[in-house]
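# Chain and residue survey
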Protein chains: 2
Amino acid sequence: MSEQKSNPLTIGQLAKMASVSVETIRFYQRKHLIPTPPKPYGSIRRYSLEDVKRVRFIKSAQKLGFSLAEIANLLRLEDGTHCAEAKAIAESKLISIRQKIADLKTLEKILESYTSNCENKTNNTPCPIISNLFNDPFV
Amino acid sequence: MSEQKSNPLTIGQLAKMASVSVETIRFYQRKHLIPTPPKPYGSIRRYSLEDVKRVRFIKSAQKLGFSLAEIANLLRLEDGTHCAEAKAIAESKLISIRQKIADLKTLEKILESYTSNCENKTNNTPCPIISNLFNDPFV
DNA sequence: CATAACCCTGTACCTAGGTACGGAATCAAG
DNA sequence: CTTGATTCCGTACCTAGGTACAGGGTTATG
């Protein structure tokens, strides 16, 4: 009969508060990204506001480009006492983000040059985009 | 007994010349990205140098960020007479590339600010990266 | 107490872009 | 003619990040 004030939420309420689906909660449990609270005999599992924060953490980190595997590593640092490790993870992510930006800029330049050749194209010459790709200048 | 000069290659030679695996050739055939030449009775399929160019085209376009579905559309324009359509496909890809660059730059700024807060962190304060993510400033 | 709404567990399915494999047929070399 | 390498065909498997059931049990509402 003692009140369980610390774990008041059903999985549906947790999902709604964290703006994900119930299935996503269960998926994260299977991946050990969030704990699976004990199930009282003949009853259902209950969740806390800490769990809501944890799911939101996952969604925030995903928006920053972290994979679930990387997020699992960050969550192991949850107590905040391993700042150097967290920083190392964030900085390697920063490096890969910068690399992606550079790669995309290269692609942008190539595509720009292909499409601009369409302008000075005269009638009955082949399409520069297609012929550039077929003639394979950057493999 | 007429010579089949136009289709001299086995699938293994095609794969090697296009720098992909035999399995990848078959996968592209299943996806109708490249044709499956007829199989002479009791013999094996033969491929041409045109097929090599076509596979290389696919690989080049992939490096430019096109999906196989988009590449299938480009390949339908292979004769080079549909320049306007090819240009439209390339330009919409250019727009999505620019959007990705912008998104990544936003992430870069956020991550930079998180990691730089680690510098001015005093002992026994929680890690700014973790606490920023837990406190969810950009959901 | 009836009934709807929700929860639990396990499993299957989805996209994208392939990779891997088993068993039979064919080809190339000696 | 034998042996080893390729080819063929169908099917299964892989990663990532979920989504979608089916067939139960539980809970909340009137």
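Residues numbered from 1 in each chain as written. Chains lettered and ligands numbered in written order. Predicted model: local features only at pLDDT ≥ 70, side-chain atom pairs only at ≥ 80, totals over all residues. Heavy atoms only, no water.

On to the relation of the copies chain B and chain A. Superposition record for chain B on chain A: RMSD 0.0 Å, screw rotation 180 degrees, translation along axis 0.0 Å. What the superposition gives is, in effect, a two-fold axis relating one chain to the other. Ranked by how close their C-alpha atoms come to the rotation axis, the residues of chain B are headed by Ile101 of chain B, at 2.8 Å. (Least-squares fit on C-alpha atoms with pLDDT ≥ 70 in both.)

Attention now moves to the interface of chain B and chain A. Note: interface size is frequently given as the accessible area lost on complex formation between the parts. With 50 residues of chain B at the contact, the number on the chain A side is 50 residues. Across the chain B/chain A interface, buried area totals approximately 4,500 Å², and carbon plus sulfur atoms make up 78% of it. When the buried surface of chain B facing chain A is broken down by residue, Leu64, Leu111 and Phe134 of chain B rank first, second and third, together holding 16% of it. Here chain B is connected to chain A by four salt bridges. Across the pair Arg98 of chain A and Glu112 of chain B runs a salt bridge whose closest N-O atoms are separated by 2.6 Å. Here chain B and chain A share six residue pairs in polar contact (both at pLDDT 80 or more) between them. Contributions of two or more residues to the side of chain B that touches chain A are made by helix H3 (49-63), helix H4 (68-75), helix H5 (83-117) and helix H6 (128-135) of chain B. With 20 residues, the single largest contributor to the side of chain B that touches chain A is H5 of chain B. A breakdown of the residues in the side of chain B that touches chain A according to their chemical character gives 28 nonpolar, six polar and 16 charged. (Contact = heavy atoms within 4.5 Å. Buried area = accessible area lost by both parts, 1.4 Å probe. Salt bridge = Lys/Arg side-chain N within 4 Å of Asp/Glu carboxyl O. Polar contact = N/O pair within 3.5 Å; in protein donor to acceptor, adjacent residues only side chain to side chain. Helix = DSSP H or I, 4+ residues; strand = E, 2+ residues; numbered from the N terminus. Nonpolar A, V, L, I, M, F, W, Y, C, P; charged D, E, K, R; others polar.)

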